[in-house]
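Here is how the chains run, residue by residue.
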Amino acid sequence: MTAIIFSLTLLSLVIWIFLLLFWGQFWRVNHQLETNKDIDNNTLPTVCVVIPARNEADVIPVSVRSLLQQDYPGKFTIFLVDDQSSDGTANIAEGVAYALDKTQQLQIVSSTSLPTGWTGKLWAMEQGVQTASELTPDYFLLTDADIEHDPSNLRRLVAKAEAQKLDMVSIMVRLRCQSFWEQLLIPAFVFFFQKLYPFTWVNNPKKATAAAAGGCILIRAEALKRIGGLQIIRQALIDDCSLAKAVKSSHGKIWLGLSTLTYSLRPYDSLKTIWDMVARSAYTQLNYSPFLLIGSLLGMTLVYLLPPLGIILGVVLANWMIILTSSIGYLLMTSAYFPITRFYKCSPVFAFSLPIIAFLYTLMTIDSALRHWQGRGGAWKGRVYAK
């Protein structure tokens, strides 16, 4: 038994060494939009902003105001697609534009009934893109209704795309991280995403890895047309990464990074709200495969749970080799997690909590699979999407 435990703790340690040295430096936070240079005023592409919005009255005033106050020197128009809201979302957005005397810059598109084969968000986006296409823009900015954009965000996005000749630029906006549950779980959400899609690999044209963050995606109109438009991903629950994959597969260049200045307004101040967010799509990430689910559970146990458990077992068994391998593995794990906790300005104590966090995310993944098997998978904004 002692030999088996030692072998497993040693394997866990080897995995962490491999991840830190050879897995795309996923733990780093060096890919940030704000390090980008300013835009060349001699090149000012036209941009159409598309916002799908369904019952977003609580956040839409801040979101729309932040977009209308962008310092982008070129021409840009905002298309808010009101996805059959019942809370006056569109009227509130129009009121913000009126107060800023920018009614000409905001257009409201009333969404029609959801057709078969489309998810609600993508159908709303499709209608916005089709309407905006009449202005023949150079770029579309696809953004969520709960994002507060820094005044320089659009300018920096376009500058990045133009300077590096990119087809897509996406940022994972700074998620809200105020409550205890947010500080415990939100940095880990970003950490696990970066581990799944290392930004260094995403941004490397020679690598097949593709990903994007749906809250803020700037895409060339030409690239969107080249891949066949949004209809090719019309059923995707993880639409952002599906779109990125389509663009990169068409030999397009993409870039994904973090932002320190553009924020998500969506609160996740309880365990339930974060749990529901993760459980909504976790099983989708595993392609609805029971075998991948089992593999994921075993992997999470081996990589994240075994190091602290190994320390305890090593003490009980009085085996210093088990204690040593487990302790080194735990320290490597903590050091990998520390940069993102610092990025989110959380206490260093949270960096040592990754095993507990991983256990909770494992339970969320199991719940995601159960929801799918019960026909409740993909529930969002009053709609449930099956596989």
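Here goes a summary of the coordinates provided.

Counting its secondary structure elements, the chain contains 14 helices and eight strands. In terms of C-alpha radius of gyration, the chain reaches 22 Å, essentially the compact-globule figure of 21 Å for 387 residues. Each of the three principal axes of the chain carries a C-alpha extent, and together these read 75 × 45 × 40 Å. For the chain, long-range pairs separated by at least 24 residues make up 81% of all intrachain contacts whose partners lie at least 6 apart in sequence. As displayed, the chain offers around 17,400 Å² of accessible surface, 60% of which is attributable to carbon and sulfur atoms. In the chain, which carries 33 positive and 27 negative side-chain charges, the distance between the mean positions of the two groups comes to 9 Å.

The subject of this paragraph is the sheet that holds strand β7 (residues 216-220). Strand pairing in a sheet relies on backbone hydrogen bonds. The paired strands run either parallel or antiparallel. As summarised here, the arrangement of the eight strands in space is β3-β2-β1-β4-β7-β6-β8-β5, forming an open sheet in which the pairing is mixed. Two strands in the sheet have a free side with no partner beyond their single neighbour: β3 (106-110) and β5 (147-148). Summarising the sheet, strand β6 (residues 168-174) and β7 pair through three bridges and their orientation is antiparallel. Within the sheet, the bridge partner assigned to Ser-170 lies in β7 and is Ile-217.

Taken together, Leu-309, Ile-312, Leu-313, Val-316 and Leu-317 make up a surface patch of nonpolar side chains, about 450 Å² in accessible area. With respect to the helices and strands, the residue Leu-309 is situated in helix α12 (residues 290-317).

Take the pattern of salt bridges next. Scanning the model with the defined rule gives 11 salt bridges in all. In this structure, Asp-146 and Arg-266 form a salt bridge, with 3.0 Å as the shortest nitrogen-oxygen distance. Placement of the pair is Asp-146 in the loop between β4 (139-143) and β5 and Arg-266 in the loop between β8 (254-264) and α10 (271-279), with a sequence separation of 120 residues. The buried category is assigned to Asp-146, whose relative accessible area is 9%. Its salt-bridge partner being Arg-371, residue Asp-367 comes within 2.9 Å of it at the nearest N-O pair. On the criterion of helical spacing, the pair formed by Asp-367 and Arg-371 is a turn pair, its members being four residues apart in helix α14 (residues 354-373). This pair shows no difference in class: Asp-367 is buried, exactly as Arg-371 is. Connected via shared salt-bridge partners are Lys-272, Asp-276, Asp-367 and Arg-371.

Okay, the nonpolar core next. In this structure, Val-47, Phe-140, Phe-191, Leu-218, Ile-219, Leu-243 and Tyr-304 are the most contacted members of the largest nonpolar core, which totals 116 residues. At eight residues, helix α6 (residues 180-196) tops the list of elements feeding residues into this core. Residues contacting Leu-243, with those up to four places away along its chain left out, are Leu-142, Met-168, Ile-217, Ile-219, Leu-224, Ile-227, Leu-230 and Ile-233. Counting residues in each nonpolar core, the second largest holds six residues, with Leu-237, Tyr-283, Leu-286 and Leu-293 among its members.

About the thresholds
- Residues numbered from 1 in each chain as written.
- Predicted model: local features only at pLDDT ≥ 70, side-chain atom pairs only at ≥ 80, totals over all residues.
- Heavy atoms only, no water.
- Helix = DSSP H or I, 4+ residues; strand = E, 2+ residues; numbered from the N terminus.
- Rg over C-alpha atoms; globule rule 2.2 N^0.38 Å.
- Contact = heavy atoms within 4.5 Å.
- Areas by Shrake-Rupley, 256 points an atom, 1.4 Å probe, with all protein chains shown as cover.
- Lys, Arg positive; Asp, Glu negative; His and termini not counted.
- Charge placed at Lys NZ, Arg CZ, Asp CG, Glu CD.
- Pairing = 2+ DSSP bridges.
- Patch = residues over 30% accessible without salt bridge, like charges linked within 9 Å, V, L, I, M, F, W, Y side chains within 5 Å.
- Salt bridge = Lys/Arg side-chain N within 4 Å of Asp/Glu carboxyl O.
- Buried < 20%, exposed > 50% of the residue type's maximum accessible area, 1.4 Å probe, protein only.
- Core = buried A, V, L, I, M, F, W, Y, C linked by side-chain atoms within 4.5 Å.

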